[in-house]
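Structural description and commentary
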Amino acid sequence: MMTPETMTPEAGRNAVVAPAGRLDAVSAQGLELQLAEALTRGAATLIIDLSQLTFISSAGLRVILLAERRAKAVGCRIRVCAASPLVREVFEVSGLTAVIRLYPGREEAAAAGCDASRLD
Amino acid sequence: MTGSGAMREKLVLRNDRAEIVRLIGWIDGIERRCALPARTAYALRLCLEEIAVNFVSYGCDPAVEGVMEIEVRTDRGRLEATFRDTGRPFDPLAERASQPADRAAAPASGFGLALVRHFASRLSYQRAGDHNLLTLSFE
């Protein structure tokens, strides 16, 4: 079961959501609600930090892809970072890395969010 | 594959999304009882979830009660999962998986089949009477 995510506004500009444990067909809805709430707060960049995530299935991918599309609609950038090798592999096999870039860590994700030349 | 010899675990699911909670608990039990390597455990959990979710969501006419029997077994170092269900004919080997180039505009779904094909080392399917029979093997 996924443990509660943390959501921390950073310098009033970035928001961070860090799901932990497993993101599966049961727990994905919780993250969907967290991301939807984060997008209503007007952050310029929403960082999804996967460093504490041990498992993701297609249900989790779907939630992240939907958040990326909703973020674009409200002028927010989504940055996904710190995926473990297996979680990264799931992103790659599904083809999501063609749409969502994976950053090594939170610092790189935040830096990319501030640099317009690196936006997707 | 495991340090404790042969293992055989069975679960029967109805075509109800609430059944996925029971599936997850069942997988947790298998992981506790079997010392699977990390990648194998990940692949097994992922494939069990993807196949079962597909069945409870799309496998049957919602007005009809459907059943999926899942068996996970190890023997002589081989790990296999067999899915036998009463849903409409569905051959995952014949279905087209979504391609990466499609993703920017594609619906935010349809990832599961590609994941199963990648994480299972071997898949076999047959339509046996009015049942689908799918077997996955894992290295």
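Residues numbered from 1 in each chain as written. Chains lettered and ligands numbered in written order. Predicted model: local features only at pLDDT ≥ 70, side-chain atom pairs only at ≥ 80, totals over all residues. Heavy atoms only, no water.

**A few points about the packing of helix α3 (residues 85–94) of chain A against helix α3 (residues 112–119) of chain B**
Any two packed helices are characterised by how steeply their axes cross, that is the angle between the axes, and by the distance between the axes. Remark: α3 of chain A packs on α3 of chain B, axes separated minimally by 9 Å, with the N-to-C direction vectors making an angle of 120°. Taken together, the axes of α3 of chain A and α3 of chain B are oblique relative to one another. The chirality of how α3 of chain A crosses α3 of chain B is right-handed. On α3 of chain B, the residues that touch Leu 86, Glu 89, Val 90, Val 93 and Ser 94 of chain A of α3 of chain A are Ala 114, Leu 115, His 118 and Phe 119 of chain B. In terms of residue class, the contact of α3 of chain A with α3 of chain B is made up of six nonpolar, two polar and one charged. (Axes fitted to C-alpha atoms, helices over the stretch in contact; angles between N-to-C directions. Helix = DSSP H or I, 4+ residues; strand = E, 2+ residues; numbered from the N terminus. Parallel < 35°, antiparallel > 145°, perpendicular 65-115°, else oblique. Left-handed = near helix turned anticlockwise from the far one by under 90°. Contact = heavy atoms within 4.5 Å. Nonpolar A, V, L, I, M, F, W, Y, C, P; charged D, E, K, R; others polar.)

**Focus: the pairing of strand β5 (residues 131–138) of chain B**
Residue and element names in this part refer to chain B. Of all eight residues that make up β5, seven are buried, and the element is covered over most of its length. With seven bridges connecting them, strand β3 (residues 78–85) and β5 associate as antiparallel partners. Across the sheet, the residue bridging to Asp 85 is Asn 132, located in β5. Linkage of strand β4 (residues 122–128) to β5, two consecutive antiparallel strands, is achieved through a turn of two residues, within which Gly 129 is found at a positive phi near 65°. (Buried < 20%, exposed > 50% of the residue type's maximum accessible area, 1.4 Å probe, protein only. Pairing = 2+ DSSP bridges.)

**A short note on unusual backbone geometry**
Residue and element names in this part refer to chain A. The phi torsion at Ala 82 lies on the positive side, around 65°, for a residue other than glycine. Considering the arrangement of structural elements, one finds Ala 82 in the loop between β5 (77–81) and α3. Judged by its relative accessible area of 17%, Ala 82 is buried.

**Focus: the layout of surface pockets**
Residues and elements named next belong to chain B. Looking at the second largest pocket, its volume works out to about 180 Å³. Those elements giving two or more residues to the lining of the second largest pocket turn out to be α2 (38–58), β3 and β5. Top contributing element to the lining of the second largest pocket by residue count: α2, with four residues. In terms of residue class, the lining of the second largest pocket is built from nine nonpolar, three polar and two charged. (1 Å grid on protein atoms, 1.4 Å probe; cavity = no way out; pocket = protein on both sides within 12 Å on 5 of 7 lines; lining within 4 Å. Points joined across faces, edges and corners; volume = space filled by probe spheres on them.)

**Regarding the sheet that holds β4 of chain B**
In a beta sheet, neighbouring strands are held together by backbone hydrogen bonds and run either parallel or antiparallel to one another. Residues and elements named next belong to chain B. Within the open sheet, the five strands sit side by side as β1-β2-β3-β5-β4. Their pairing is antiparallel. At either end of the open sheet lies a strand with only one pairing partner, and these are β1 (7–14) and β4. Here the strands of the sheet are splayed against their neighbours by 15° on average, with no regard to which way each runs. Judged from the eight bridges that link them, strand β2 (residues 67–75) and β3 form a sheet pairing that is antiparallel. Counted as the bridge partner of Ile 70 is Phe 83 from β3. Across the sheet, helix α1 (residues 19–33) is in contact with β1 and β2; its angle to β1 comes to roughly 175°.

**Points about the side chain of Glu 9 of chain B**
Residue and element names in this part refer to chain B. Mapped onto the secondary structure, Glu 9 falls in strand β1. Separated by 2.9 Å, the side chains of Glu 9 and Arg 33 make a polar contact. Residue contacts for Glu 9: discarding those within four places in its chain leaves Trp 26, Ile 30, Arg 33, Ile 70, Glu 71 and Val 72. (Polar contact = N/O pair within 3.5 Å; in protein donor to acceptor, adjacent residues only side chain to side chain.)

**Some remarks on the environment of Leu 35 of chain A**
Residues and elements named next belong to chain A. Here Leu 35 lies in helix α1 (residues 28–39). On the basis of relative accessible area, Leu 35 is assigned to the buried category, the value being 1%. Residues Leu 35 and Val 63 lie 28 residues apart in sequence; the distance between their C-alpha atoms is 8.6 Å. Residue contacts for Leu 35: discarding those within four places in its chain leaves Val 17, Leu 46, Ile 48, Val 63 and Ala 67.

**Observations regarding α1 of chain B**
With 15 residues, α1 of chain B should reach 21 Å at 1.5 Å per residue; the first-to-last C-alpha distance of 22 Å fits that figure. Buried within α1 of chain B we find Glu 19, Ile 20, Leu 23, Ile 24, Trp 26, Ile 27, Asp 28, Gly 29 and Ile 30 of chain B. Along its buried surface, α1 of chain B packs onto β2 (14–23) of chain A together with β1, α2 and β2 of chain B. (Expected span 1.5 Å × (residues − 1).)

**Points about helix α2 (residues 58–73) of chain A**
Residue and element names in this part refer to chain A. Here α2 contains 16 residues, and its C-alpha end-to-end distance of 23 Å stays within 8% of the 22 Å for a straight helix at 1.5 Å per residue. Within α2, the full set of buried residues consists of Ser 58, Ala 59, Gly 60, Leu 61, Val 63, Ile 64, Leu 65, Leu 66, Ala 67, Glu 68 and Ala 71. With its phi angle positive at about 75°, Gly 75 sits one or two positions after the end of α2.

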